[in-house]
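# Descriptive analysis of the structure
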Amino acid sequence: MFTEARTANTFAPTPVSDAELAEIWELAKWAPTAANTQPLRVLFVRTDEGRARLAQHMADGNKAKVQAAPAVAVLAVDTRFHQHIPTVFPIRPEMADFYEANEEVRSGTGSFNSALQAGYFILAVRALGLAAGPMAGFDAAGIDGEFFADGPWKSILVVNIGHPGENPWFDRLPRLDPAETLHWA
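Everything in this summary refers to the structure shown in the same document. (Residues numbered from 1 in each chain as written. Predicted model: local features only at pLDDT ≥ 70, side-chain atom pairs only at ≥ 80, totals over all residues. Heavy atoms only, no water.)

## Notes on unusual backbone geometry
With a phi angle near 50°, Ala 35 is a residue other than glycine that sits in the positive phi range. Residue placement: Ala 35 occurs in the loop between α1 (18-28) and β1 (40-45). With a phi angle near 45°, Asn 167 is a residue other than glycine that sits in the positive phi range. In this fold, Asn 167 is placed in the loop between β4 (153-162) and α8 (178-181). Since its relative accessible area comes to 65%, Asn 167 is described here as exposed. (Helix = DSSP H or I, 4+ residues; strand = E, 2+ residues; numbered from the N terminus. Buried < 20%, exposed > 50% of the residue type's maximum accessible area, 1.4 Å probe, protein only.)

What follows is the structure, given as C-alpha cells:
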C-alpha cells in the first residue's frame, strides 16, 4: 500500500461497483480528525454524463483521465461540519457553537482535517486493490458551482478510481533522503 502503490494515470474499462465505492468509504471514515469532526464529504461520479460535467472543470491534462476512469471521487470539505458535532462528539456538543462563532478556526479545522481524511481515502482505495489517481488540477469554483451550488461543500481533490490500464505509471520519482527530512530530539 505504501512502497509499491503508485498514482494511476490510465484505467482499464473494468467497472467499479457502488458496493466497492461504499467499501472505500467504510475504510476511509476511520481517519482521525480533531474532536471527531469528520469534515470530508465525497461525491462519486460514475456516469458518462457526470464525468463530462466534471471534465469541463479539469485542467487540460486531466480531462481525458476523468473521462476514462470507471469512477471518480470529488472530495470536498463540508464548511458546516460543526453542525454535526452533537452527534459525532457528544461529550462536548457546545463545540458546535464555538466553531459557529469562529469562522477562521472552523475553516482551518475543516481544511486540515479533510486533508487528513483525503489521505485515508486514497489508502482505502489502495487497500481494496484498486488504483487511485488523485489530481489537484481543476477549477474548484467551477466544480462547486456544477455539483454543490449554494451548498456548504467545497471541493479539495479529485480522485480517479479503477483498475490500472495500459502503461498506467510514470517512472517513480525520487524521495528526499532521511537526512533532509528527519531531526531527532
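So, next bit.
## Structural notes on the environment of Thr 14
Within the secondary structure, Thr 14 sits in the segment before α1. The spatial distance from the C-alpha of Thr 14 to the C-alpha of His 163 is 6.7 Å, given a sequence separation of 149 residues. Once residues within four sequence positions are removed from consideration, Thr 14 is found in contact with Pro 70 and His 163. (Contact = heavy atoms within 4.5 Å.)

## What to know about the pattern of salt bridges
One pass over the structure, following the stated rule, counts eight salt bridges. Taking the shortest distance from any N to any O, the salt bridge between Asp 78 and Arg 41 comes out at 3.1 Å. Of the two residues, Asp 78 sits in strand β2 (residues 71-78) while Arg 41 sits in strand β1, which places them 37 residues apart along the sequence. The class for Asp 78 is buried, based on a relative accessible area of 5%. Put simply, Glu 49, Arg 53 and Glu 146 are held in one network by salt bridges that share partners. (Salt bridge = Lys/Arg side-chain N within 4 Å of Asp/Glu carboxyl O.)

## Here's the deal with the packing of helix α2 (residues 48-55) against helix α7 (residues 140-147)
For the pair α2 and α7, interaxial distance at closest approach is 9 Å and the crossing angle is 145°. Between α2 and α7, the residues in contact are Gly 50, Arg 53 and Leu 54 and Ile 143, Glu 146 and Phe 147, respectively. Looking at the contact of α2 with α7, its residues break down into three nonpolar, one polar and two charged. (Axes fitted to C-alpha atoms, helices over the stretch in contact; angles between N-to-C directions. Nonpolar A, V, L, I, M, F, W, Y, C, P; charged D, E, K, R; others polar.)

## Here's the deal with the environment of Ala 69
Looking at the element boundaries, Ala 69 is found in the loop between α3 (60-68) and β2. With 63 residues separating them along the chain, Ala 69 and Ala 132 place their C-alpha atoms 9.8 Å apart.

## Focus on the packing of aromatic side chains
With the rule as written, the count across this model stands at four aromatic pairs. Consider the rings of Phe 81 and Tyr 99, whose centres lie 5.4 Å apart with planes at 65°: the pair is edge-to-face. You can see Phe 81 sitting in the loop between β2 and α4 (85-88) and its partner Tyr 99 sitting in helix α5 (residues 95-101), a full 18 residues away along the chain. Here Phe 81 and Tyr 99 have matching classes, each one buried. Taking 5.4 Å as the distance between ring centres and 65° as the angle between the ring planes, the aromatic pair formed by Phe 98 and Tyr 99 counts as edge-to-face. The partly exposed category is assigned to Phe 98, whose relative accessible area is 41%. (Phe/Tyr/Trp six-rings, centres within 6.5 Å; stacked < 30°, edge-to-face > 60°.)

This is a description of form; function is not addressed.
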